[in-house]
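A closer look at the structure
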Amino acid sequence: MYHKTVLDNGLRIVSERLDHFRSVSLGIWVNVGSRDEVERENGISHFIEHMIFKGTANRNSLRIAKELDAIGGLSNAFTGIESTCFHSRVLDKHLYHLAEILSDIFLHSLFDSQELTRERQVILQEINMLEDTPDEQIHVLFSRLFWENHPLGMPVMGTPETVSAIDKDTVLTHIRRFYTPGRIIVAAAGNVDHEALVNTFKPLFQSLPRETENHVRLAPAGHASASCHFKDLEQVHICLGGTAPHLSSDLRFAGAVLNAILGGSMSSRLFQAIREKRGLAYNVYSFLSSFQDAGVMGVYLGTDAKQVNRALKVIKREIEKILQGKISRADLKATKEHLTGGVLLSSENTDTQMMRLAKNEGVFGRYVGYDEVISRIEQVTLDEVVAVARQAFRDRRVSFVTLGPLDEKDVDLDLVAFN
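Because the structure is predicted, anything quoted here is derived from the model rather than measured.

Rules used throughout
Residues numbered from 1 in each chain as written. Predicted model: local features only at pLDDT ≥ 70, side-chain atom pairs only at ≥ 80, totals over all residues. Heavy atoms only, no water. Helix = DSSP H or I, 4+ residues; strand = E, 2+ residues; numbered from the N terminus. Buried < 20%, exposed > 50% of the residue type's maximum accessible area, 1.4 Å probe, protein only. Contact = heavy atoms within 4.5 Å. Areas by Shrake-Rupley, 256 points an atom, 1.4 Å probe, with all protein chains shown as cover. Phe/Tyr/Trp six-rings, centres within 6.5 Å; stacked < 30°, edge-to-face > 60°. Pairing = 2+ DSSP bridges. Axes fitted to C-alpha atoms, helices over the stretch in contact; angles between N-to-C directions. Parallel < 35°, antiparallel > 145°, perpendicular 65-115°, else oblique. Nonpolar A, V, L, I, M, F, W, Y, C, P; charged D, E, K, R; others polar. Core = buried A, V, L, I, M, F, W, Y, C linked by side-chain atoms within 4.5 Å.

Things to note about the overall build of the chain
If you tally the helices and strands in the chain, you get 15 helices and eleven strands. When its C-alpha atoms are laid out on the principal axes, the chain stretches across 60 × 45 × 40 Å. Residues counted as buried form 52% of the 419 residues belonging to the chain. The long-range share in the chain, meaning contacts at least 24 apart out of those at least 6 apart in sequence, stands at 83%. As presented, the chain carries roughly 19200 Å² of accessible surface, and 49% of it is formed by carbon and sulfur atoms.

Below, the structure is given as structure tokens:
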């Protein structure tokens, strides 16, 4: 059973009771991420996520960790491009203790300057670790190129330069601007009583003042370009892609179908053509990243430098088959069944349920049931799938990035120009 309550200051509390579960997943979400940052403060949302757990007036960082461990809490947090979330999963009997802990760290973190200095070093190591992981770094490089001169292209963790410049005043100013009740969603899924949940959070959060500034996100436009970053690696890592449906687009379900057909599973066309039939790569897949007002669909591949053009030729051939509508009814049906299975299997996890509640509330302002999602998947047509493919892989509208032992002169860029 789904419930929603909006406090007088605009904060939303959503929950779904699942009686057959003994656990509850609880999350405090804020509609702020790296796309809301200015370049000189890039990484501040991620920095705040780290600092939230570093102590309040009531608890130091060790006590926070011990209390969460004592109730068996599987606690975590993450910063995305458009949202930040602090969440945990516990047995139902511990929910209201968890709510008190999460509320304390969310509302009363001290952001001690010494703790901030220590945590900065941790984040700098995290950034270094990313740079040592080329199959992840290539996506940062691709985003920077594709979303040129737009916050969507900035890395979530920031850069060593921007992270080194963040101080306590910068953190507190950012929180005052963006951690406002109209941007906050409390979401819970599992064996939870909604009225009790509201009675727990209302006295803690109802005094938060409403947002006084109207922060408008500027819609981006994807850019077509090519960039090769030379690095002494064993493989060349490749990303290529173009524009895709945004989160509330009518074509977002067709985008999911296309992604699954192209490179979203072991039976997908790229996995079979690149890895299984030719052995050109261990890791190859397609990806779909959708945001409030924009989206990108692309392909990732890691291969030997001598095989780059051969692999690109195969990718081009498989994409152009889809552009020409060469998808059988059987393939379309099987892909929809694959996606439907994934949706229903995910419903057996309270973390996934909680995250769906919050994301749907943030994007649509309402509950979106599994039956509605499955119905929309089943209604996807071949023409819609082709339309999404033609939007993403338009001639001369694709961005292309490599990272590894390869120069641009060694790449046949005609292989990323689709017909």
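Things to note about the packing of aromatic side chains
According to the stated counting rule, one finds 13 aromatic pairs in the structure shown. Ring centres of Trp29 and Phe78 lie 5.5 Å apart, and the angle between their planes is 80°; this geometry places the pair in the edge-to-face category. One end of the pair, Trp29, is in strand 3 (residues 23-30); the other, Phe78, is in strand 4 (residues 74-79), with 49 residues separating them in the sequence. Taking 5.9 Å as the distance between ring centres and 70° as the angle between the ring planes, the aromatic pair formed by Phe86 and Phe106 counts as edge-to-face. Taken together, the positions of Phe86 in strand 5 (residues 84-91) and Phe106 in helix 3 (residues 95-108) put the pair 20 residues apart, joining distant regions of the chain. A relative accessible area of 8% means that Phe106 is categorised as buried. Here a set of aromatic residues connected by ring pairs shows up, and it is made of Phe53, Phe86, Phe106, Tyr179, Phe201 and Phe205.

Description of the sheet that holds strand 8 (residues 236-243)
The five strands are arranged 7-11-8-10-9 in an open sheet whose pairing can be described as mixed. Two strands lie at the open edges of the sheet, namely strand 7 (226-230) and strand 9 (284-290), each paired on one side alone. Averaged over all neighbouring strand pairs, the angle between strand axes comes to 15°, with direction disregarded. In the packing of helix 5 (residues 134-146) onto the sheet, the strands contacted are strand 7, strand 8, strand 9, strand 10 (295-303) and strand 11 (399-404), and the crossing angle to strand 11 comes to about 145°.

Points about the sheet that holds strand 4
Paired through backbone hydrogen bonds, the strands of a sheet run either parallel or antiparallel to each other. Across the sheet, six strands lie side by side as 1-2-6-3-5-4; this open sheet has mixed pairing. The open sheet has two edge strands, strand 1 (2-6) and strand 4, and neither has a second partner. Across the sheet, the mean angle separating the axes of adjacent strands is 10° when strand polarity is ignored. In the sheet, strand 1 pairs with strand 2 (residues 12-17) via five bridges, with the strands oriented antiparallel. By the bridge assignment for strand 2, Thr5 is matched with Ile13. On top of the sheet, helix 8 (residues 194-205) reaches strand 1, strand 2, strand 3 and strand 6 (184-190); it is set at about 160° to strand 2, its chief contact.

Topic: the environment of Pro151
Of note, Pro151 is situated in the loop between helix 5 and helix 6 (160-165). Along the backbone, Pro151 and Phe47 are 104 residues apart, and their C-alpha atoms lie at a distance of 17 Å. Beyond its immediate stretch of four places on either side in the chain, Pro151 contacts Ser34, Arg35 and Glu37.

Re the packing of helix 1 (residues 44-51) against helix 7 (residues 168-178)
Look at helix 1 against helix 7: their axes get within 10 Å of each other, and the N-to-C directions meet at 100°. Between helix 1 and helix 7, the angle falls in the class roughly perpendicular. Only Thr170, Val171, His174 and Ile175 of helix 7 make contact with helix 1, whose side of the interface consists of Ile44, Ser45 and Ile48. Across the contact of helix 1 with helix 7, the residue classes break down as four nonpolar, three polar and no charged.

Side note on the nonpolar core
Generally speaking, nonpolar side chains in soluble globular proteins are found buried as a group. Ranked by size, the top nonpolar core spans 51 residues in total, and within it Ile238, Leu240, Ile274, Leu301, Leu312, Ile315 and Phe393 carry the most contacts. Elements supplying a minimum of two residues to this core: strand 8, helix 9 (252-263), helix 10 (269-276), strand 10, helix 11 (308-323), helix 12 (329-346), helix 14 (370-378) and helix 15 (382-392). Top contributing element to this core by residue count: helix 11, with eight residues. Setting aside its immediate chain neighbours within four residues, Ile238 contacts Ile138, Val299, Tyr300, Leu301, Thr303, Val308, Leu312, Phe400, Val401 and Thr402.

Things to note about the pairing of strand 6
The element strand 6 is largely enclosed, with a buried count of seven among its seven residues. Where burial is concerned, the two faces of strand 6 agree: the one with Ile184, Val186, Ala188 and Gly190 and the one with Ile185, Ala187 and Ala189 are both buried. Bridge count between strand 2 and strand 6: six bridges; the pairing is parallel. Within the sheet, the bridge partner assigned to Arg12 lies in strand 6 and is Ile185. In this structure, strand 3 lies alongside strand 6, joined through seven bridges in antiparallel fashion. Counted as the bridge partner of Gly27 is Ala187 from strand 6.

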